[in-house]
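Structural overview
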Amino acid sequence: MENKENNKSLFRRYLDDLYTKEDARNLMNELQTSEYNTEIFQELADDVWEEAARQQSQTDLEREQYKKEAQLLLKHIEHKKRMWLRRVTLMVASTAAVVCLVLGSISYLNYINKQQITYWEASTSYGECKQVQLPDGTQLTLNSCSRVRYPDHFIGKERRVELEGEGYFRVFHNEKQPFVVNTHRFDVRVLGTCFNVKSYSSDEVVSVDVESGKVQVDLPEAMMRLKAKEQVLINTVSGEYNKRHEERGVAVWRKGGLRFNSTPICDVAKELERMYNCRITFAEGQDFKNLISGEHDNKSLDAVLQSIEYTSGIHYKKKESEVLLYKE
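First, a word on what this report is: a plain description of the structure on this page.

Rules behind the numbers
- Residues numbered from 1 in each chain as written.
- Predicted model: local features only at pLDDT ≥ 70, side-chain atom pairs only at ≥ 80, totals over all residues.
- Heavy atoms only, no water.
- Axes fitted to C-alpha atoms, helices over the stretch in contact; angles between N-to-C directions.
- Helix = DSSP H or I, 4+ residues; strand = E, 2+ residues; numbered from the N terminus.
- Parallel < 35°, antiparallel > 145°, perpendicular 65-115°, else oblique.
- Contact = heavy atoms within 4.5 Å.
- Nonpolar A, V, L, I, M, F, W, Y, C, P; charged D, E, K, R; others polar.
- Buried < 20%, exposed > 50% of the residue type's maximum accessible area, 1.4 Å probe, protein only.
- Pairing = 2+ DSSP bridges.
- Core = buried A, V, L, I, M, F, W, Y, C linked by side-chain atoms within 4.5 Å.

**Examining the packing of helix 5 (residues 265-276) against helix 6 (residues 301-312)**
- For the pair helix 5 and helix 6, interaxial distance at closest approach is 11 Å and the crossing angle is 170 degrees. Comparing the axis directions of helix 5 and helix 6 gives the class roughly antiparallel. Listed contacts from helix 6 to I265, V268, L272 and Y276 of helix 5 are L301, V304, L305 and I308.
- Taken together, the residues that form the contact of helix 5 with helix 6 break down as eight nonpolar, no polar and no charged.

Dropping the structure here:
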């Protein structure tokens, strides 16, 4: 009520041309922000006209003229209010359009960047190792019969590469963009560290060895974290895994060595095939469930087979690149 009376006083001075700029600004602000409708404006104009009629003697013509002026002023104010609301609406719409344009441009640029990414592949053959430098500076050493697929530049929230086989990674540190090695069996997620991943799709046992830093291994239904000098062996047939401490150096294959940790003899045979480009078969009708452990300097295929024969009792016959394993 007090605001209404104040507005009537301002309105009256406005009609009598006895107002200051501050009065007019206050009146317009009040009308723009208040929830007035046309009927209330009409009441305000009638009240002011009746007050003016009581204060001085006027002719009917003067009163009608005075009322018309009030009505014109009301229309003018209403017009101002509509224009103000229109400007606000346009401003909001324009702002929304700009925001949408910016967000759309960002999405479009990301889409364009993704469309412009070229993927590279590096692979190795039997008995071959290869050094690969990834776009972020990460160093990768591929073991024999392995393959890595990676983009020519990394965008988005991750630096993701795909590995089939075995690789030793020395990852460039970047806390804002984790590095992810995607394999057929699991993912390895790191920020920056050195580790070895062995995940041949044909092998029964796969593994992750950490040399420094920390890694996270994401399995289909589990997750585990490893720190320096820790190793996990995962049996893809039984689903069992064995996490343990490992003091010995990581990825001895980089220097031509071999190391087995309770490795099924079938996986040992596959590793020797990849390293020596040979074919190893098992004698029919015999059961081979041996687990092989130990490290070998790997000077020759015959030397490795003799070592296996000595520790496991599994004999071999070799003819050129064909090897037969058997038990007496």
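Having seen it, we continue.
**Brief notes about the side chain of S144**
- Structurally, S144 can be placed in the loop between strand 3 (139-142) and strand 4 (147-151).
- A residue is classified by how much of its surface remains accessible, and S144, at 4% relative accessible area, is buried.
- Discounting chain neighbours no more than four positions away, the residues touching S144 are T124, S125, Y126, G127, E128, Y200, R274 and M275.

**A few points about the sheet that holds strand 17 (residues 315-319)**
- Taking strand neighbours across the sheet as the criterion, the three strands line up as 15-18-17 in an open arrangement whose pairing is mixed. The open sheet has two edge strands with one neighbour each: strand 15 (279-282) and strand 17. Averaged over all adjacent pairs, the angle separating strand axes in this sheet is 20 degrees, with direction ignored.
- In terms of strand pairing, strand 17 meets strand 18 (residues 322-326) through five bridges, oriented antiparallel. Considered in strand 18, the bridge of Y316 is made with L325.
- Across the sheet, helix 5 is in contact with strand 15 and strand 18; its angle to strand 15 comes to roughly 160 degrees.
- Along the sheet face, helix 6 touches strand 17 and strand 18 and points at about 160 degrees away from the line of strand 17.

**Looking at the nonpolar core**
- Among the nonpolar cores identified, the biggest contains 29 residues, and V161, F169, F179, F186, V188, F195 and V215 are the most heavily contacted of them.
- Setting aside chain neighbours within four positions, we find V188 in contact with F179, V180, V181, F195, V197, V208, V215 and Q216.

**A few points about unusual backbone geometry**
- Phi is positive for S262, which is not a glycine, with a value near 50 degrees.
- Relative to the assigned elements, S262 resides in strand 14 (residues 258-264).
- For S262, a relative accessible area of 38% gives the class partly exposed.
- A positive phi angle, near 55 degrees, is found at E320, a position not held by glycine.
- Relative to the assigned elements, E320 resides in the loop between strand 17 and strand 18.
- Of the residues examined, E320 reaches a relative accessible area of 72% and is grouped as exposed.

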